[in-house]
Amino acid sequence: MANINGTTGTDFPWRRLLYPFAVAGAFVVGAWGVVAALAWLFGIAAHTATVIAHAAGPIGVGGLTLKLFAKK
């Protein structure tokens with residue numbers, strides 16, 4: 001006997017699986033986006049620290065001098 005919507009009982013409800021996979025896929029894409037953004041920000045921060053340290057030159061305290069970046 002057919003259901004009210006005209007389908008038989010052997011059909012698999014794909015919608016029941018589609019929503020969890022869509023949510024999980026959106027979470028994975030968002031997580032990769034956050035990781036990529038953090039990697040970019042850490043790269044920019046490291047570059048900024050390098051430029052500032054290079055521009056500052058040697059750092060001296062009381063007669064002890066520390067040269068952070070020596071030209072070879």
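## Some remarks on the overall build of the protein chain
Along its length, the protein chain carries 1 helix and 2 strands. Reading the secondary structure of the protein chain in the N-to-C direction produces α-β-β. Classification of the 72 residues of the protein chain by burial places 1% in the buried group.

## Things to note about a nonpolar patch on the surface
On the surface, V34, L38, W40, L41, F42 and I44 cluster together to form a nonpolar patch covering roughly 650 Å² of accessible area. Relative to the elements of secondary structure, W40 occurs in helix α1 (residues 14-56).

Calculation criteria
- Residues numbered from 1 in each chain as written.
- Predicted model: local features only at pLDDT ≥ 70, side-chain atom pairs only at ≥ 80, totals over all residues.
- Heavy atoms only, no water.
- Helix = DSSP H or I, 4+ residues; strand = E, 2+ residues; numbered from the N terminus.
- Buried < 20%, exposed > 50% of the residue type's maximum accessible area, 1.4 Å probe, protein only.
- Patch = residues over 30% accessible without salt bridge, like charges linked within 9 Å, V, L, I, M, F, W, Y side chains within 5 Å.
- Areas by Shrake-Rupley, 256 points an atom, 1.4 Å probe, with all protein chains shown as cover.
- Salt bridge = Lys/Arg side-chain N within 4 Å of Asp/Glu carboxyl O.

All we've got here are geometric facts, nothing functional implied.
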